[in-house]
Amino acid sequence: QAQLVESGGGLVQAGDSLRLSCAASGVSFSSVTMGWFRQAPGKEREFVASLSRSYFERYADSVRDRFTISRNNAKNTVYLQMNSLKPEDTAVYYCAASNQPLSIQRREYDTWGQGTQVTVSN
């Protein structure tokens, strides 16, 4: 059974950094695209970043140059390094897995984690 477990969220101040991790099991990790999404209160879940099995990266414009996605296939883990955090980055962050190589749409991801809360204060 496929499972994704996120960790690393927390409460930080604006300008701080956080690194989120997502450990995968029950998936062919090295063969899938891994993505990060986020959902703020009252808003739709939105794409943040993705990393294909061939290490092609994609980012939302709002996080480009601040966030970096990476993966360690030996550990079946994907990471999201978040720098220069802003209050508008506050959300529940979800990792997800997709068999599509250039996935940025929610509907293209079929395995999801439970989410980890990131709160950025002024």
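Provided above is the structure to which this section pertains.
Our subject in this report is the structure included herewith.

Cut-offs and rules
Residues numbered from 1 in each chain as written. Predicted model: local features only at pLDDT ≥ 70, side-chain atom pairs only at ≥ 80, totals over all residues. Heavy atoms only, no water. Disulfide = S-S within 2.5 Å. Helix = DSSP H or I, 4+ residues; strand = E, 2+ residues; numbered from the N terminus. Pairing = 2+ DSSP bridges. Axes fitted to C-alpha atoms, helices over the stretch in contact; angles between N-to-C directions. Core = buried A, V, L, I, M, F, W, Y, C linked by side-chain atoms within 4.5 Å. Buried < 20%, exposed > 50% of the residue type's maximum accessible area, 1.4 Å probe, protein only. Salt bridge = Lys/Arg side-chain N within 4 Å of Asp/Glu carboxyl O. Phe/Tyr/Trp six-rings, centres within 6.5 Å; stacked < 30°, edge-to-face > 60°. Lys NZ or Arg CZ within 6 Å of the ring centre and 35° of its normal.

## Digging into the state of the cysteines
Turning to step 1, where the next piece is worked out: Tallying each qualifying case throughout the model produces one disulfide.
Turning to step 2, where the next piece is worked out: Disulfide pairing places C22 opposite C95 at an S-S distance of 1.9 Å. The chirality of the disulfide connecting C22 with C95 is right-handed, given an S-S dihedral of about 45°. Of this pair, C22 sits in strand 3 (residues 18-25) while C95 sits in strand 9 (residues 91-98), and the two are 73 residues apart along the sequence.

## A few points about the sheet that holds strand 1 (residues 3-7)
Turning to step 1, where the next piece is worked out: In spatial order, the strands read 1-3-8-7; together these four strands make up an open sheet with antiparallel pairing. The open sheet terminates on both sides in strands that have one partner only, identified here as strand 1 and strand 7 (67-72). Within this sheet the neighbouring strands show an average axis-to-axis angle of 15°, counted without direction.
Turning to step 2, where the next piece is worked out: One ladder, built from six bridges, connects strand 7 with strand 8 (residues 77-82); its direction is antiparallel. Across the sheet, the residue bridging to I69 is L80, located in strand 8.

## Quick notes on the nonpolar core
Turning to step 1, where the next piece is worked out: With 33 residues, the main nonpolar core has W36, L80, M82 and Y93 as its most contacted residues.
Turning to step 2, where the next piece is worked out: Taken together, the elements giving at least two residues each to this core come down to strand 3, strand 4 (33-39), strand 5 (46-51), strand 7, strand 8, strand 9 and strand 11 (116-121).
Turning to step 3, where the next piece is worked out: Examining the composition of this core, we find that five residues originate from one element, strand 9, more than from any other.

## Let's talk about the pattern of salt bridges
Turning to step 1, where the next piece is worked out: Counted under the stated rule, the structure contains five salt bridges.
Turning to step 2, where the next piece is worked out: The network of salt bridges with common partners includes R38, E46, R66 and D89.

## Section: the environment of K43
Turning to step 1, where the next piece is worked out: Looking at where K43 falls in the secondary structure, it is placed in the loop between strand 4 and strand 5.
Turning to step 2, where the next piece is worked out: Note: C-alpha distance between K43 and A91 (48 residues apart in sequence) is 9.5 Å.

## What to know about the packing of aromatic side chains
Pairs of aromatic rings are described using the distance from one ring centre to the other and the angle between the two planes.
Turning to step 1, where the next piece is worked out: Here the structure, examined in full by the defined rule, presents four aromatic pairs.
Turning to step 2, where the next piece is worked out: Plain terms: the ring middles of F37 and W112 are 5.0 Å apart, the flat faces sit at 55° to each other, and that makes the pair tilted. You can see F37 sitting in strand 4 and its partner W112 sitting in strand 10 (residues 111-112), a full 75 residues away along the chain.
Turning to step 3, where the next piece is worked out: Taking the relative accessible area as the measure of exposure, W112 reaches 26% and is therefore partly exposed.
Turning to step 4, where the next piece is worked out: A network of ring pairs unites the aromatic residues F37, F47, Y109 and W112 as a single cluster.
Turning to step 5, where the next piece is worked out: Above the plane of the ring of Y94 lies R45, whose end atom (NZ or CZ) is 3.6 Å from the centre.
Turning to step 6, where the next piece is worked out: Over the face of the ring belonging to W112 we find R45, whose NZ or CZ atom lies 5.0 Å from the ring centre.

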